[in-house]
Structures are given as C-alpha cells and as structure tokens.
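Listed below are the residues making up each chain.
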Amino acid sequence: MRESTIKEHNRFFLNMGPQHPSTHGVLLVVLEMNGEYVLDPQPVLGFVHRMHEKIGESRPCQGFMPNTARMDYVCALPYNHGYVSLIEKKAGIEVPKRAEYIRVITSELNRVASHLLWLGAYLLDLGAFTPILYGFDDREHILDILEDITGSRLTYCYYRFGGVCRDIDDKFVEATRAFIKRLRKRYVIYEKLVTKNIIFIKRAENIGIISPDMAIRYGITGPNLRGSGIAYDIRKNEPYSVYPEFDFEVPVGERGDCLDRYMVRVREMEQSLRIIEQALDNLPDGPVRSKVPKKIKLTPGDCNFAVEAARGELSYYLIGDGTGVPYRLKIRVPSYSNLSCLQELGRGILLPDLVSIMGSFDLVIPEIDR
Amino acid sequence: MKRYFLDLFIGGKSLVDGLVVTTKALFQPIVTVQYPREEIDITPNFRGHIDLVLDPEKNTFRCIACGMCQRSCPSECIQIEGKKVEGKKKKTLGLFALDFTKCSLCGTCVEVCPTQALEFSKEYNLADFSKEAFHYDILKRLEERII
Amino acid sequence: METISTLPPELIRMVIAVIIIISFIFLNAIMMGYLERKIAGHVQRRLGPMEVGFHGILQLVVDGVKLVAKELLIPINVDRTFFRLAPILSFTPVILPLLVIPFSEKLQARDLNLGLLFIVSMTSVNVMAILVGGWGSNNKYSMFGAMRAVAQSIAYEIPILLSMLAIILMTNTLSLKEIVGAQQKIWFVLLQPLAFIIYVISGIAETNRAPFDLPEAESELTAGFHTEYSGIGFSLFFLGEYTNMFTVASVATVLFLGGWHGPSLPYGEYLGIVWFFLKVYFLLFFMIMIRWTYPRVRFDQLLNFAWKYLVPFSLVNILITAVVVKL
C-alpha cells in the first residue's frame, strides 16, 4: 500500500491504549490508520514514569536496591543482579563464589518464569486463552521455589552487596531439580498446543520481520535481536558473574519474524535449565556474603555494568563522586530500544499483525517508563 | 498444488493435536487453590511487614530504640520514639510505627538491627479500604502478643 | 372459553410454542454460559464458578439478574436509535429458526416445506444487528467489529449453503422433518463427511465463535461491536450469540446427525428429543472446546480459508454428490 494513493479523508487516528488489552500496561500507541491498515504507529510513553534514575541519585546505593526490582517486575532478579554487580565493581567488593552461583541459579529461574509468562501473554494477544494458564501453572512452581528462599514472590530483594541475604538449602536444590524435570515434560504440551498449531504459525510466521541491520540500527537486544540471527548475548559476549563456567548455547533465529522470536525464547528456556542444572551440580561450599563496609563509598569516576535480563541487555551506568550517593545513575533498559522499532516495523500492516508484533517484543511498560 | 493439500493435512493434524491436549486437561485434577475456602501453608521464610521479636526470656521486646532501622530504611517508613522510664538510665521504646504503604520489603531494617529485635511477620492477607489501615503500630501489635 | 375455541388450534399451538421457545432460549443461554465457564475452567486446570449454588450452578442466573438490573447506559455521542435497536435486532430473529426445527417426530412448532431456507435467512439477520450496533456505537473499535462481521458472514454463508445443498440434492426436500426422516437407516454424516466438516467450520465462523471471533476479538478490538454495550443490551447480544450457536448445532443435527433418531425409547415420537438434545449439546461442547484451544485467526486468513479451501471443497463435494445421485 503506497501512502500517496490514500486519500486524506480516508486517514483516521485510533488510540490503542493506554487501556487496551494487548498493550500490556499503560502504553499508548497512536495509530494512523486507513481501514484496518496501520499507516503509522506512534508509541507514546511516560504514563508510569516514576523517576527511578533520579531516586537512585538521591539516596545511598543500598537504598536504591529495592527499586531495581520494581522496574521490571516480571524478571526482577537480573535487575537486582545488575545493580549489585555494578556497586560491587565500583566499590571493589569481593563476592563469594557460592553467592555468585546462587545468583545465577535464581536469575535463570526468574528468566524461565518470565519467558513462561511471556509465552502465555503472547498467545493471549493472539486470542488463545488456555496457554497463559498453563504457563502460570509452571511459573507458579518457580515462584514457590523462589519464595522459599527469598521470601517474596514477585519483586524480590534477595541480592545484597557482597552476596545474597540468605543461603539456599537442600530443599531448594531438590525443588529446583524437580521443577526442571517437570518443565521438560511440559514442553510436549506447549509444542502440541502452541508451537505446532497451524493458526499460531500463520499468525507469527513472516510477521514483523526485523532484519539484522535494522535490529542493530535500533539497538534491539535480547531474544528479539537473537531472533534476527545475531548471536549476541551478554552472558556469552561480555561474561559476568560465573557464566563463563557453564556450557550453554545462544539460540538464534533465521528470518527475524515473530515466530523466530517465539522459538528463540522457547529454546532459551531449555538453555536456562541447563545452566541451572550445571550450577546445582557444581555448587561450591562456603559463605554467601562477604563483609561489606556499612557505608559504601563510590570512588570518583564512571562505571558500567551490563547483564542479560529476560528482555535483553540491561546496563547500569554510574558516576561516583566519592560519597555514598551516586552522582549520576543511568539505566539502559532493553524494552525501550526494542519498542523503538515498532514505528518502522508497523507501517502498512494490519492491526492484528501490530498486536502480534507488540506481543512478540515482550514489552514490560514499567521498565520502559521506569 | 501439493503444498495446498500438505498445508491442509499438517494444519488439520496440528489442530487435532491441540484439541487432544485440552481434552486431556479437562479430565486432569485441578491445580488451583480455592483461596478463601482453603489456604496453603506459607513458607517460614516469607517476608511480610516487620514485627518486633517477642523475647521468650524477658517476655518483652528486645528493641533498644537505637533508631538504626529508622535511619537505614530507604523509604523512610519507620518511626521510632524512645521514652524515659523512671528508675532506668537508658531510654526504652515508646513508639514503633510502620507506614506499610511505603515499605518495599527490602529487609534492611531487620539486617541492621544490632539486637535482632525485628522479624518478618507471616501475614499476607493484607487488603483494606483505607491507606491508614496500613499505618501499623508495631509496638501495640507486640503488646497484644505478650500474655 | 368461547374465544379460544373459535381460534384456530394452529394459532394456539404457535403461541404456546413461542412461549416455550423463548423460555428455552433463556435456559439455553444460562446452561451454555455455565457450561462454557465450567469447561474453560477445567481445561485450564481450575474449577470455574463455585460460589453461587451447588458448584456455581446458579452463577449465570445471578449474572443475568445483575445484567438486567443494571442502568441502561447510553453514551453521549452514539446514534440513539441504532444503539437501542441493535440488541433487539440481535435477539428477535433468533427465536424464529427454532420454530421450524423438529426436535422429535411430533415436537415441531411448524413444518415448513421451505424450513431450511427459512432458517438460513433468519440466521443471517444476526449480522445486521452487529452492523447496526457497531455503527450506532460511534466507536472506531465497534466499527471495525461491525465491518469484520459483515465480510465474515458473507464469506461463510456460501460454504454453509453449499454444504446444505449436498444434503438437499440427496433428499430432494427443504423440509427439515423429511430430511430427518430420510436418515432412518444411515446418518448423512457418514455419507457426507466432508459437507459435515465444512458445515461445522462455517457454522463456528457464522456464529462468531473463537477462533473466528473477529467481530469481538478482544485483544485487538477491546470488545469489538459490543464495546459500548452494558447491562441489558449486552445480555441480549449474549443471548443472541448462544441461541445462534444452538440453532447452528440443531441444523447440523438435523442435516447430518440423524435428528431425533437413536436407540428406540418409549413414546419415541416425543422422547426422540432426548437424542436430539444429546447430539446438539455434544456439538456445542465441541464448539466450546475449540474456543478454549486455538488462537484467533487473522482477518484475511479467515476469508482466504473460506474462499481457497471451504468453497472449492464444497463445490467438489456437490459435484460428486450430484453425479452419484444421478447415477
């Protein structure tokens, strides 16, 4: 559809959101439409802006810890992980090996939980009701496991500067192993109900193709980037924590369409399970928390730390000025960049495809607005 | 032409497979809990809002009203006041108020406490109609537990 | 008494039939709503409604009371006439097809010799209601829903008619009673399996059920054509939808599943209704299962499917049927 052929009076605007079932939160997309064809989707951000960066600059770094989980409530632990690692790097705090292993295990569990929720939510966008409840069923087991050691179910505040706040026990190890076994059995259900389903494939295949070039241009990261065939994963490319000790693959797609992004996430779940298994097998003994000075001094100069969150590269950038309060804290969240390509991607497509594309991005709006 | 029929066959089979999954699920036991009717055991590690520890020996709180928790709280939701008691040198706890609407359950207060006077409560049935219902008087909650 | 005796008995029978059918429509909607929520619950490994009555059996009754008692809300900028007309238009025509459906050998309000044609024409009025409601709502999402409904209905009416035509070719009649009568020995689903599959698929599309629920597609159009409706307006649409489902399933039973035929019962000419209802509710159960299993198709895929698969296949089916019948 060429834009010049559309008469001016045939164009109209449609507000998708901020209260629309498939914008996953308070995101507004102003759609310029011609019939059911979207001519120009324009995301409008900022409905849930809470000034997290400014809060981080106005209180000692310990005080900002709980806030990091609130940015991305679906996958909170990698956010904690990034922030504690940043401060540890800046202040030169040593972390016991066991603590790093526990961090990796819990982060990966959280990643699986996030992907399970996404799987259901994406299918909900496509009109299938049942997968989300199956996803919740599995996710609930992860939340139970995590609740048992962290004490909360969603916005964990489990990591501490220099370790984690509570050691894991045999019950945790047992429950995690049982869960891994269970999820591997459940793959069959997801495959039959979703992955192989012809209607699902038709709704996702060749929809919203992000070329590798475009993905790099917009700074897309995470499964969305890997769906386009670029094997870029912070865990492999800029290894942090104890990730280099584990053997895992970085699944990539071929075409960069919604189906590839779906497949990448599904295969990533299996890789996460592999990491957890290896970590549980090689779990070292020792303390889980090192001695940390009461008042952490952030030396002058800047510091950056990036982790792989469930949605892509999450990077904290901090400038210290010698006090305990960061002079500047900048958080680069994956969903913001991932969403930015929607405008280019969404030109000249049908409204249901736009819903499918937005679903496949795995957006978490509070993370974008933060 | 071959593609046309192949699509139909593979597609039809996938649809039947999906239906088999849901039909099986129809006869499987349910996994949900009928919440207000039945409750599951909450993990002992659950972190609810804070409570004062009841010292079994002294049958009272351990808090010395030093104010560490108040100062370390990132959300400034704890308010402590000490009061003078006749015949004692040190101040004793007069008020321990928690504004739970601001609390983010980070647990810093429990960790910094020099006398281990704080613990997490196991309460999770927290719903009310007013904000004020979540302004807890922790000291009063403890006194109710003292027999 | 005198007036009644002077009235033609046919008229009295019709009045009684209409009253029974209207009350049945409400009963059916309540049962279907309950079944739908219960089956959805168990498919998703949860219980569904449990609070009102034994296993939540009165849930839909309570919901109905709530909907009826709600304020009649009419948004400011809607076309008031159309907005009010649409729910009525959706509800009224769904009574009529039930008048000609033979529930058992003797339980039929009226045996029209053009029964099938009557049903087809009456069920297609439903799309008018959606169009009027969507247009009158003055809401872009409703408008999308209305437009989709019209295109969808037109596309799927054709395979429905073509699959019916195969049966008509075999029986040489449009009277539903005679069609059922012709299935004494063998149900037509065994002779016309392709027509049956085509009919069921198109029937689901015709009643706007998932995976073809594009006019209301809540993840795309919030609630489609009934976005602006609440209370009684919404419940009339709801009643219309479930009665349409019942009609489609009944016609499928009459055409393909041998109507009231089944193992013989005492008072068979009346109690055949048991078999009839068993078959109808089995089909409805199947439709519910489908709704809770599949994602929604896209709009152009839906039309492509009708024109590329259903129409050619039903044409071939008719051709084969005609040749076989003539031989």
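What counts, and where the lines are drawn
Residues numbered from 1 in each chain as written. Chains lettered and ligands numbered in written order. Predicted model: local features only at pLDDT ≥ 70, side-chain atom pairs only at ≥ 80, totals over all residues. Heavy atoms only, no water. Helix = DSSP H or I, 4+ residues; strand = E, 2+ residues; numbered from the N terminus. Rg over C-alpha atoms; globule rule 2.2 N^0.38 Å. Phe/Tyr/Trp six-rings, centres within 6.5 Å; stacked < 30°, edge-to-face > 60°. Buried < 20%, exposed > 50% of the residue type's maximum accessible area, 1.4 Å probe, protein only. Lys NZ or Arg CZ within 6 Å of the ring centre and 35° of its normal. Contact = heavy atoms within 4.5 Å. Buried area = accessible area lost by both parts, 1.4 Å probe. Salt bridge = Lys/Arg side-chain N within 4 Å of Asp/Glu carboxyl O. Polar contact = N/O pair within 3.5 Å; in protein donor to acceptor, adjacent residues only side chain to side chain. Nonpolar A, V, L, I, M, F, W, Y, C, P; charged D, E, K, R; others polar. Pairing = 2+ DSSP bridges. Axes fitted to C-alpha atoms, helices over the stretch in contact; angles between N-to-C directions. Parallel < 35°, antiparallel > 145°, perpendicular 65-115°, else oblique. Expected span 1.5 Å × (residues − 1). Bend = angle between axes of the 7 residues up to and from the residue. Patch = residues over 30% accessible without salt bridge, like charges linked within 9 Å, V, L, I, M, F, W, Y side chains within 5 Å. Areas by Shrake-Rupley, 256 points an atom, 1.4 Å probe, with all protein chains shown as cover. Domains from an automatic or database assignment.

Chemist: Can you tell me about the overall build of chain B, naming the residues and giving the values?
Modeler: Per the secondary structure count, chain B includes four helices and seven strands. Counting from the amino terminus, chain B carries its helices and strands in the arrangement α-β-β-β-α-β-β-α-β-β-α. In terms of overall dimensions, chain B is more spread out than a globule: its C-alpha atoms have a radius of gyration of 27 Å, far above the 15 Å expected for 147 residues. With the C-alpha coordinates aligned to their principal axes, the bounding extent of chain B is approximately 100 × 30 × 30 Å.

Chemist: Provide a residue-level description of the packing of aromatic side chains, including the pertinent values.
Modeler: Scanning all chains against the criterion turns up 39 aromatic pairs over all chains. With a centroid separation of 6.2 Å and 55 degrees between ring planes, the pair formed by Tyr83(A) and Phe161(A) is classed as tilted. Placement of the pair is Tyr83(A) in helix α3 (residues 76-91) and Phe161(A) in the loop between β4 (159-160) and β5 (163-164), with a sequence separation of 78 residues. Like Tyr83(A), the residue Phe161(A) is buried in the burial classification. Considering the side-chain rings of Phe246(C) and Phe277(C), the 5.8 Å spacing of their centres and the 50 degrees angle between planes classify their relative orientation as tilted. With Phe246(C) in helix α13 (residues 231-255) and Phe277(C) in helix α14 (residues 268-291), this residue pair connects regions lying 31 residues apart in the sequence. Taken together, the aromatic side chains of Phe24(C), Phe103(C), Phe246(C), Phe276(C), Phe277(C) and Tyr281(C) make up a single cluster linked through ring pairs. Between the NZ or CZ atom of Arg186(A) and the centre of the ring of Tyr134(A), over which it lies, the distance is 5.6 Å. Lying across the ring of Phe248(A), Lys236(A) places its NZ or CZ 4.4 Å from the centre.

Chemist: Could you give an account of the interface of chain C and chain B, naming the residues involved and the relevant values?
Modeler: If you look at the interface, chain C gives 19 residues, while chain B gives 19 residues. Considering only the surface of chain C that becomes buried against chain B, Arg45(C), Tyr294(C) and Tyr309(C) emerge as the three largest contributors, covering 38% of it. One can count one salt bridge joining chain C with chain B. Among the ionic pairs, Glu51(C) bridges to Arg37(B), the shortest N-O distance being 2.3 Å. Remark: the boundary between chain C and chain B carries eight residue pairs in polar contact (both at pLDDT 80 or more). At the level of elements, α2 (9-43), α14 and α15 (299-326) of chain C are the ones that each hand at least two residues to the side of chain C that touches chain B. Among the residues forming the side of chain C that touches chain B, the class breakdown is 13 nonpolar, two polar and four charged.

Chemist: A description of the sheet that holds strand β4 (residues 78-83) of chain B should follow, citing residues and the corresponding values.
Modeler: Residue and element names in this part refer to chain B. Strand order in the open sheet formed by three strands is β4-β5-β7, with antiparallel pairing between adjacent strands. Strands with a single pairing partner mark the edges of an open sheet, and in this sheet they are β4 and β7 (135-137). Between one strand axis and the next, the sheet turns by 20 degrees as a mean value, whatever way the strands run. Examined bridge by bridge, strand β5 (residues 92-99) and β7 share three bridges and lie antiparallel to one another. Residue pairing in the sheet places Leu 98 in a bridge with Tyr 136 of β7. Relative to β5, helix α4 (residues 138-145) is tilted by about 115 degrees, and along the sheet it contacts β5 and β7.

Chemist: So what's going on with the interface of chain A and chain C? Residues and values would help.
Modeler: Opposite the 35 residues of chain A that make contact, chain C presents 23 residues. Sorting the residues of chain A by area buried against chain C places Glu36(A), Phe129(A) and Ile199(A) first, and these three jointly supply 22% of that buried surface. Seen at the junction of chain A and chain C, the total is two salt bridges. Between Arg148(C) and Glu36(A) there is a salt bridge; the shortest N-O distance is 2.5 Å. Of all the secondary structure elements, the ones that give two or more residues to the side of chain A that touches chain C are β1 (11-16), α4 (97-125), α5 (130-150), α6 (170-195), α7 (198-204) and α14 (351-361) of chain A. Take the side of chain A that touches chain C: its biggest share by element is five residues, from β1(A).

Chemist: Which residues make up unusual backbone geometry, and what values do they have?
Modeler: Residues and elements named next belong to chain C. The backbone of His 55 sits at a positive phi, close to 50 degrees, despite the residue not being glycine. Take His 55: it is sitting in the loop between α2 and α3 (59-69). Taking relative accessible area as the criterion, His 55 reaches 35% and is therefore assigned partly exposed.

Chemist: Please set out the side chain of Asp138(A) residue by residue, giving values where relevant.
Modeler: Secondary-structure assignment places Asp138(A) in helix α5. The contact partners of Asp138(A), leaving out residues within four places of it in the chain, are Leu116(A), Phe179(A), Arg182(A), Leu183(A), Arg186(A) and Tyr190(A).

Chemist: So what's going on with the packing of α4(A) against α14(A)? Which residues, and what values?
Modeler: Residue and element names in this part refer to chain A. Close contact between α4 and α14 brings their axes to 9 Å; oriented N to C, the two are set at 175 degrees. In terms of axis orientation, α4 runs roughly antiparallel to α14. Touching Trp 118, Tyr 122 and Asp 125 of α4 are Val 355, Ser 356, Gly 359 and Ser 360, all from α14.

Chemist: Help me get a handle on α15(C), residues and values and all.
Modeler: Helix length check: α15(C), at 28 residues, gives a terminal C-alpha distance of 39 Å against a target of 40 Å (1.5 Å per residue), a fit within 8%. The principal kink in α15(C), of about 30 degrees, is found at Ala306(C). Those residues of α15(C) that sit buried are Phe299(C), Gln301(C), Leu302(C), Leu303(C), Ala306(C), Tyr309(C), Leu310(C), Val311(C), Ser314(C), Asn317(C), Ile318(C) and Thr321(C). Buried residues along α15(C) sit against α7 of chain A, α1 (2-26) of chain B together with α8 (140-171) and α11 (193-206) of chain C.

Chemist: Can you tell me about a nonpolar patch on the surface, naming the residues and giving the values?
Modeler: Residue and element names in this part refer to chain C. On the surface, a cluster of nonpolar side chains totalling about 640 Å² of accessible area is made up of Leu 107, Leu 265, Tyr 267, Tyr 270, Leu 271, Val 274 and Leu 278. Take Leu 107: it is sitting in the loop between α5 (95-100) and α6 (115-123). Leu 107 gets classed as partly exposed once you look at its relative accessible area, which sits at 32%.

Chemist: Hey, could you go over the environment of Tyr243(A) for me, with residue numbers and the actual values?
Modeler: Residue and element names in this part refer to chain A. Here Tyr 243 is to be found in the loop between α10 (234-237) and α11 (258-281). Taking relative accessible area as the criterion, Tyr 243 reaches 1% and is therefore assigned buried. Dropping the residues within four chain positions of it, Tyr 243 is found in contact with Val 104, Ser 107, Glu 108, Arg 111, Arg 235, Phe 248 and Ile 275. Polar side-chain contacts of Tyr 243 include one of 2.5 Å to the side chain of Glu 108.

Chemist: How would you explain the domain arrangement of chain B if you had to name every residue and give the values?
Modeler: Each assigned domain of chain B is listed here: domain 1 (1-31) and domain 2 (50-146). Relative to domain 2 of chain B, the C-alpha centre of domain 1 of chain B lies at a distance of 57 Å.

Chemist: Help me get a handle on the pattern of salt bridges, residues and values and all.
Modeler: For the structure on display, the rule yields 51 salt bridges over all chains. Note that Glu111(B) and Arg289(A) form a salt bridge whose closest N and O atoms lie 3.1 Å from each other. Pair noted here: Glu111(B) is in helix α3 (residues 108-112) and Arg289(A) is in the loop between α11 and β6 (301-309), and the two residues belong to different chains. Through salt bridges that share partners, Glu108(A), Arg111(A), Arg226(A), Asp233(A), Arg235(A), Glu268(A) and Glu308(A) make up one connected network.

Chemist: An account of the packing of α3(C) against α13(C) is needed here, citing residue identities and associated values.
Modeler: Residue and element names in this part refer to chain C. The geometry of α3 relative to α13 is characterised by a closest axis approach of 7 Å and an angle of 135 degrees between their N-to-C directions. By the angle class used here, α3 and α13 are oblique. From α3, Leu 60, Leu 67 and Val 68 reach across to α13, where they touch Gly 231, Ile 232, Phe 234, Ser 235 and Phe 238. Its residues placed into classes, the contact of α3 with α13 shows six nonpolar, two polar and no charged.

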